[in-house]
Amino acid sequence: SSGRSCVLTPRGQLEVCACDVSSASGLCIEVTERAMPTIRHTRVHDGAAAGLWFRTGSGGVVDGNEIMGNGWSGVQISEGSNPTLVRNFIHDNKSAGVISFNCGRGVAMHNDISTNGKGGVQVRSGACPELRANRIFDERSFGIWVYERGLGHFEDNEIVDNAWSGFQVEEGSAPTVIGNRLSGNRSAGIVVYNRGSGTYEWNDISANGRCGVQIKSGSAPCFRFNRIHHEKQAGVLTAEDGTGMLEDNDIFDNQWSGVQTEGPSDPLLRRNRIHHNGGAGFIAYQNGSGKLEANHIYDNKKYGVQSKTGGHPTVRSNHIHDKTYGIYLTESGAGVFENNRIHSMSTARQGAGAGIYVSADCSPVLNNNEGA
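Residues numbered from 1 in each chain as written. Predicted model: local features only at pLDDT ≥ 70, side-chain atom pairs only at ≥ 80, totals over all residues. Heavy atoms only, no water.

## So, the overall build of the chain
Here's step 1: Scanning the chain from terminus to terminus reveals 0 helices and 48 strands.
Here's step 2: Along the first, second and third principal axes, the C-alpha atoms of the chain reach 85 × 25 × 25 Å.
Here's step 3: Classification of the 372 residues of the chain by burial places 57% in the buried group.
Here's step 4: Contacts in the chain between residues at least 24 apart in sequence constitute 39% of all its contacts with a sequence separation of at least 6.
Here's step 5: By element, 48% of the accessible surface of the chain is carried by carbon and sulfur atoms, the whole surface being about 14,100 Å². (Helix = DSSP H or I, 4+ residues; strand = E, 2+ residues; numbered from the N terminus. Buried < 20%, exposed > 50% of the residue type's maximum accessible area, 1.4 Å probe, protein only. Contact = heavy atoms within 4.5 Å. Areas by Shrake-Rupley, 256 points an atom, 1.4 Å probe, with all protein chains shown as cover.)

## Some points on the pattern of salt bridges
Here's step 1: Under the definition given, this model contains 25 salt bridges.
Here's step 2: When the shortest N-O distance is used, the salt bridge between Arg43 and Glu66 registers 3.7 Å. Taken together, the residues span a long stretch of sequence, with Arg43 in strand β6 (residues 43-45) and Glu66 in strand β9 (residues 66-68) at a distance of 23 residues.
Here's step 3: We classify Arg43 as partly exposed; its relative accessible area is 33%.
Here's step 4: One salt bridge in this structure joins Arg271 and Asp248, with 3.1 Å as the shortest N-O distance. Of this pair, Arg271 sits in the loop between β35 (268-270) and β36 (273-275) while Asp248 is found in the loop between β32 (245-247) and β33 (250-252), placing the two residues 23 residues apart along the sequence.
Here's step 5: Arg271 gets classed as partly exposed once you look at its relative accessible area, which sits at 40%.
Here's step 6: What you see here is one network of salt bridges that share partners, running through Glu201, Arg224, Glu247, Asp248, Arg270, Arg271 and Glu293. (Salt bridge = Lys/Arg side-chain N within 4 Å of Asp/Glu carboxyl O.)

## Notes on the nonpolar core
As a rule of thumb, nonpolar side chains are buried together in soluble globular proteins.
Here's step 1: If you look at the biggest cluster of nonpolar residues, it comprises 61 residues, and the most contacted ones within it are Ile29, Leu52, Val75, Phe167 and Val305.
Here's step 2: Here this core gets 3 residues from one element, more than from any other, and that element is strand β4 (residues 27-31).
Here's step 3: Aside from chain neighbours lying at most four places away, what touches Val305 is Phe282, Leu292, Ile297, Val315, Ile320, Gly326, Ile327, Tyr328 and Phe337. (Core = buried A, V, L, I, M, F, W, Y, C linked by side-chain atoms within 4.5 Å.)

## Description of the side chain of Ser5
Here's step 1: Of note, Ser5 is situated in strand β1 (residues 5-9).
Here's step 2: According to the relative accessible area criterion, Ser5 is buried, its value standing at 16%.
Here's step 3: Among the polar contacts made by the side chain of Ser5, one reaches the side chain of Glu30 at a distance of 2.5 Å.
Here's step 4: Setting aside anything within four residues of it in sequence, one finds Ser5 in contact with Leu27, Cys28 and Glu30. (Polar contact = N/O pair within 3.5 Å; in protein donor to acceptor, adjacent residues only side chain to side chain.)

## Here we look at the environment of Leu151
Here's step 1: Within the secondary structure layout, Leu151 lies in the loop between β19 (144-147) and β20 (153-155).
Here's step 2: Accessibility expressed as a relative area gives 34% for Leu151, which makes it partly exposed.
Here's step 3: For the pair formed by Leu151 and Ala294, sequence separation is 143 residues and the distance between their alpha carbons is 32 Å.
Here's step 4: What Leu151 contacts, discounting residues up to four positions off in sequence, is Val123, Ala127, Cys128, Pro129, Val146, Ala174 and Pro175.

If you want it as structure tokens, here you go:
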């Protein structure tokens, strides 16, 4: 084709099957105005613009196609359009594999999305797609990027071996992310950045190049029931006014600390298991804080809870069981430590309580901690 679109479907229910579609000057396939085509077993490739663009409330089914080598994204969905993408191989497009934007929707299931120039999936400007059971791998940047107040539901996807973060959320975006596996990404598993939020539950986050989870720049997500483990740095890092909630997670076997908070940031940790990490279970430093309630912190290599360089967490009603000190404060570390049950094999400084070390330059509040 040398026109705007090789195939234009403005209405009706066209069926495209076992075709080869490309465009030297524009879109390969354009679907508009509530059209509902079915596109199966077709190669959609080497378009000067997008492979497929669903616009202005259109829909349809895209099943079992190869979508590759297009100058924009492989599939674009906008303006309330809601196609279903199933079992496609979407790869080597110059922008994203799939992008939903300007209040686009879309359902994507069982697709393989790989080696695209600007991420496997992008969601932005109020879009709200649903992605289930897709493989998003070997991308040249992010696996999934949600920004500009993007939404969406992401469940049971495999997001692995991408060049940047597996899942990045920013700019007021709030996706729901459930039951995904994020592993082997060169940066963090999940980054929530620049006032991002969202709900993240039952994900398995492991063996990424940096932290499992980063929460930064005024972001406030909720992480529940996740496994965050075997990371090359910390399990979770909060920084730059990052807050949010970490609740009922299992955070273990990370090379650095289980949870690190650096200032100013103030997450809430409740009922987590934080154990067998290479540093402390939890560390607050450089004026970081955080609220810890009813966590089980045990068998970490250094300390259960550490505060230094102006760190000032509030630590109440936790069970802390570590081989060295349960609570360890140095370098002007501070905080409030109350009603914790501390098991430790180390001898504390006189007056601090069993399993608690406080250096002379620290002035914490210590009340009713029970040593065993």
